[in-house]
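# Residue-level structural notes
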Amino acid sequence: MKVPRVSGAGEVNPAGGAAESGGRPVSSVVAAPSNARPVYAISSVDNALHLVQLLARDGCVRVSEAASELGVAKSTAHRLLGMLCYWGFASKDGDHLYRVGPALGTVRRGASRHDDLCVVARPFLERLQREFGETVHLVVRRRANVEFLTSLECPKPLRVGSRAGAVMPAYRTSGGRALLAALSDDELTQLFPEGSPDPELDWDGFRRSLVTVRRRGYGISDRVTERGVAAIGACVRGPDGQLVAAVAISAPCLRMQRRHFPRAAEALRRHIVLLEAELARSPRFRVAGEGSAMSGEVSASETTRRSSRRTDRP
């Protein structure tokens, strides 16, 4: 089986050659968006493109999530994701998890917005890194996961390395736990319809753990994501109060023990307050509702549009 790769703007060719369909080359061209649904819509194409948008928005998706989003059987979602893998729009990671493939690597929705966030946040991350002397990260939530937008490593020989570009389950990271703790019970139930994502906690225990995070104002990951690594993270909010991201400090457990968390939390809070003030001054982040889009959420209008699209399928 040939491995698809991006050969040029708007075109995907398997193994560097033109795809063939009945002897004719086929190219993938991004069409101009339209709110008008075609009269003779093709449901399989509609589902496939819906999955492409889902991957572009969230960075990864499980078969069960794809099936729920499309309103189809898991077997159908599995076959659709398999075709996206063949054409390079997705890549399989584990038994049921699919991530963004090379064909989507440069066109992910929100990339420019996240670039802007990284630019605005960088001076504050640099100051936090210099003050505390450990590696710092900027993360955003994508449904039940978090993506590390950027990391600034500390110069010490023994240090936590950059996680830029990594996607991890939110409940396993300090910044992810802070972002989850800011959600309502209804939002958590919608995000985790199958119950607690933490195999060591039932649903009530998982919710209580997030209440603790919300009460103290920061999340902790102590030897959870990696052996010998501890981290603390707190939320960043936009001018409208919506979640934008989280900032985290991570270090080897030899230097980041429980007694160090209060000092780290105080440093986080000071620099996050300054970052939030800068976001309020930036025209890019002053539009109401942009914070939720930054953290990978779907607006009410978008949810309504998707719901109506699913119900009017032939």
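None of these values were measured; they are calculated from a predicted model.

With that settled, the discussion passes to the overall build of the protein chain. Check the secondary structure of the protein chain and you find 10 helices and 13 strands. Residue pairs at least 24 apart in sequence account for 60% of intrachain contacts in the protein chain once pairs closer than 6 positions are excluded. Accessible surface, the protein chain: about 16,200 Å² in total, of which carbon and sulfur atoms supply 54%.

With the exception of glycine, the majority of residues adopt a negative phi angle, and the majority of peptide bonds are in the trans configuration. Even without glycine at this site, Arg 143 takes up a positive phi of about 55 degrees. Checked against the element boundaries, Arg 143 lands in the loop between β8 (135–142) and β9 (145–152).

Positionally, Asp 46 belongs in helix α1 (residues 43–58). The sequence separation of Asp 46 and Leu 70 amounts to 24 residues, and the corresponding C-alpha distance is 9.4 Å.

Moving on, we get to the sheet that holds β9. Spatially, 6 strands are ordered β10-β9-β8-β13-β12-β11 in an open sheet, and the strand pairing comes out antiparallel. The sheet is open, and its two borders are formed by β10 (167–169) and β11 (219–222), each paired with just one other strand. Pairwise comparison of adjacent strand axes, ignoring direction, gives a mean angle of 30 degrees for this sheet. The sheet contact formed by β9 and β10 spans 3 bridges and is antiparallel. The residue bridging Asn 145 from the neighbouring strand is Pro 169, located in β10. Contacting β8, β9, β11, β12 (229–237) and β13 (243–252), helix α5 (residues 174–181) runs over the sheet at an angle of about 40 degrees to β12. In this fold helix α8 (residues 261–281) packs onto β11, β12 and β13, with an angle of close to 30 degrees to the strand it touches most, β12.

Turning our attention to empty space enclosed by the protein. Rolled over the atoms, a probe as big as a water molecule pinpoints where empty space is left. Under the counting rule described, the total for this entry stands at 3 cavities of 30 Å³ or more. What the largest cavity holds in volume is close to 140 Å³. Lining the largest cavity are 16 residues, and of these His 137, Phe 148, Thr 225, Ala 231 and Ser 250 lie nearest its centre. The set of elements that each furnish at least two residues to the lining of the largest cavity consists of β8, α5, β12 and β13. A breakdown of the residues in the lining of the largest cavity according to their chemical character gives 7 nonpolar, 7 polar and 2 charged.

Turning to the confidence of the model for the protein chain, a few remarks are in order. Of the residues in the protein chain, 75% have a pLDDT of 70 or more, and the chain-wide mean is 77. Taken element by element, the predicted model of the protein chain shows its lowest mean pLDDT in strand β4 (residues 24–26) (30) and its highest in α5 (96). Within the model, pLDDT remains below 50 along residues 1–34, and this stretch shows 44 contacts once partners closer than five positions in the same chain are excluded. Contacts of residues 287–314 to residues separated by more than four positions or lying in other chains number 55 contacts, the stretch itself having pLDDT below 50.

Any two side chains of opposite charge can pair if their charged atoms end up close together. For the structure shown, the criterion picks out 11 salt bridges. Glu 131 serves as the salt-bridge partner of Arg 270, at 2.2 Å between the closest nitrogen and oxygen. Of the two residues, Arg 270 is situated in helix α8 and Glu 131 in helix α4 (residues 111–132); the sequence distance between them amounts to 139 residues. Using a relative accessible area of 35% as the deciding quantity, one classes Arg 270 as partly exposed. According to the relative accessible area criterion, Glu 131 is partly exposed, its value standing at 37%. The partner of Asp 222 in a salt bridge is Arg 258, and the shortest N-O contact between them spans 3.6 Å. Taken together, the positions of Asp 222 in strand β11 and Arg 258 in the loop between β13 and α8 put the pair 36 residues apart, joining distant regions of the chain. One continuous salt-bridge network, built from bridges that share partners, spans Glu 131, Glu 266 and Arg 270.

This brings us to the packing of α5 against helix α7 (residues 203–216). Running from amino to carboxyl end, α5 crosses α7 at an angle of 95 degrees, the nearest separation of the two axes being 9 Å. Looking at the two axes, α5 sits roughly perpendicular to α7. In contact with Arg 177, Ala 178, Leu 180 and Ala 181 of α5, α7 contributes Phe 206, Ser 209, Leu 210, Val 213 and Arg 214. Tallied by class, residues from the contact of α5 with α7 come to 6 nonpolar, 1 polar and 2 charged.

What follows concerns a nonpolar patch on the surface. A surface patch of nonpolar side chains, amounting to about 280 Å² of accessible area, comprises Ile 42, Val 45 and Leu 49. You can see Val 45 is positioned in helix α1. Owing to a relative accessible area of 42%, Val 45 belongs among the partly exposed residues under this scheme.

Calculation notes
Residues numbered from 1 in each chain as written. Predicted model: local features only at pLDDT ≥ 70, side-chain atom pairs only at ≥ 80, totals over all residues. Heavy atoms only, no water. Helix = DSSP H or I, 4+ residues; strand = E, 2+ residues; numbered from the N terminus. Contact = heavy atoms within 4.5 Å. Areas by Shrake-Rupley, 256 points an atom, 1.4 Å probe, with all protein chains shown as cover. Pairing = 2+ DSSP bridges. Axes fitted to C-alpha atoms, helices over the stretch in contact; angles between N-to-C directions. 1 Å grid on protein atoms, 1.4 Å probe; cavity = no way out; pocket = protein on both sides within 12 Å on 5 of 7 lines; lining within 4 Å. Points joined across faces, edges and corners; volume = space filled by probe spheres on them. Nonpolar A, V, L, I, M, F, W, Y, C, P; charged D, E, K, R; others polar. pLDDT = per-residue confidence, 0-100. Salt bridge = Lys/Arg side-chain N within 4 Å of Asp/Glu carboxyl O. Buried < 20%, exposed > 50% of the residue type's maximum accessible area, 1.4 Å probe, protein only. Parallel < 35°, antiparallel > 145°, perpendicular 65-115°, else oblique. Patch = residues over 30% accessible without salt bridge, like charges linked within 9 Å, V, L, I, M, F, W, Y side chains within 5 Å.

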